[in-house]
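# Structural overview
These are the residues of each chain, in order.
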Amino acid sequence: GSLSLTRCCAHSGLSQEAGSVEQLSLHCAEGSLEWLYPTGALRLRLAPRLPPTSAAVKGRSPPRVTACIKPSGTFRGAQLYLEREGGLELLLPEAPRPHARCFSWLPQEKVALFLQATPQPDISRRIAAFRYELRGDWLARPALPAASLGNEGACRPCNDTEILMAICTSDFVIRGSIRSVSNDAELQESIIGVSATRIHRQKFPLFQAGGRPGRPVGSIRTPLRCGVRPGPGTFLFTGWLHFGEAWLSCAPRYRDFQRIYRGAQRTHQNPCEFPAD
């Protein structure tokens with residue numbers, strides 16, 4: 001087989017023995033892997049170079065590392081397993097649906113991905129390709145499809161502490177209103193169309209004016225089962241980038257956020273400064 005990795009590594013199976021296992025390490029925080037003409041197997045050790053984190057404070061449990069895998073629409077010729085403590089769990093079967101699968105582990109645990117070629121009479125045109133993200137800084141409420149992490153609390157409204165942390169650590173903090181909500185039954189996602197009145201922070205160009213006068217607009221995703229509906233009022237939308245898409249974390253009404261933030265300011269418990277005008 002032949003392999004290519006953007007931002008990290010790359011590979012081809014044509015030079016590989018049919019029963020051999022090739023070892024690779026994934027150190028980048030994100031990237032993609034493309035295995036052309038898969039034969040044999042690849043063992044991908046997950047060893048992200050994580051930044052120091054404040055979660056290592058005395059008395060707090062060590063932060064978990066989270067990985068997410070999203071297959072390309074043409075994933076063929078192999079199956080992907082999670083190898084953990086000597087056992088294998090199937091993550092992506094041959095020709096999987098285009099859903100992300102996520103899993104977490106503690107830094108001291110040894111985990112790897114095991115990409116096993118499936119026997120094919122003709123390996124031509126077979127490409128096993130996927131994108132991946134390795135994160136050590138997702139908090140207790142990662143903005144991911146809830147089913148992929150088994151996180152039953154994903155639809156629960158954020159408490160005051162989570163809201164205050166979200167404005168400090170999220171990939172985006174947008175003040176605005178809901179323009180529309182559309183549902184994707186296949187992906188089990190709701191897409192919230194948002195009109196922004198103020199962009200407090202965005203680490204990527206999520207909201208853009210689009211060349212016309214008026215408010216910047218963009219879309220934010222959330223699990224379908226959370227049952228998001230359009231409603232009036234101004235919200236403070238926060239969340240994370242996940243495979244190039246914005247995922248919702250906390251979205252309090254703006255007036256509720258102002259009350260929470262000013263209360264934290266009075267008691268000097270606000271974790272960061274924020275313009276609560």
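Everything below is about the structure printed above this text.
Note that the coordinates shown come from a computational prediction; the quantities given were computed from them, not determined experimentally. (Residues numbered from 1 in each chain as written. Predicted model: local features only at pLDDT ≥ 70, side-chain atom pairs only at ≥ 80, totals over all residues. Heavy atoms only, no water.)

Let us now look at the packing of aromatic side chains. Here the structure, examined in full by the defined rule, presents seven aromatic pairs. Between Tyr254 and Phe257, the ring centres sit 5.9 Å apart and the planes meet at 40 degrees, which makes this aromatic pair tilted. Of this pair, Tyr254 and Phe257 are both found in helix α3 (residues 254-266), three residues apart, which corresponds to roughly one turn of the helix. Look at Tyr254 and you get buried, because its relative accessible area is 7%. A centroid spacing of 5.2 Å and a plane angle of 85 degrees characterise the contact between Phe257 and Phe274, whose relative ring orientation is edge-to-face. Of this pair, Phe257 sits in helix α3 while Phe274 sits in the segment after α3, and the two are 17 residues apart along the sequence. Phe274 shares its class with Phe257; the two are buried. An aromatic cluster of at least three residues, connected via ring pairs, comprises Tyr254, Phe257, Tyr261 and Phe274. Stacked on the ring of Tyr254, the Lys or Arg Arg175 has its end atom at 4.1 Å from the ring centre. (Phe/Tyr/Trp six-rings, centres within 6.5 Å; stacked < 30°, edge-to-face > 60°. Helix = DSSP H or I, 4+ residues; strand = E, 2+ residues; numbered from the N terminus. Buried < 20%, exposed > 50% of the residue type's maximum accessible area, 1.4 Å probe, protein only. Lys NZ or Arg CZ within 6 Å of the ring centre and 35° of its normal.)

Turning to the sheet that holds strand β3 (residues 21-26), a few remarks are in order. Taken together, the five strands give an open sheet; going across it, the order is β3-β5-β10-β7-β8, and neighbouring strands pair in mixed fashion. Of all the strands in the sheet, just β3 and β8 (87-92) have a single pairing partner and so form its edges. Across the sheet, the axes of successive neighbouring strands diverge by a mean angle of 25 degrees, strand direction being ignored. Of the pairings in the sheet, the one linking β3 to strand β5 (residues 41-46) comprises six bridges and is parallel in character. Its bridge partner lying in β5, Gln23 is registered against Arg43. (Pairing = 2+ DSSP bridges. Axes fitted to C-alpha atoms, helices over the stretch in contact; angles between N-to-C directions.)

By themselves these figures say nothing about function.
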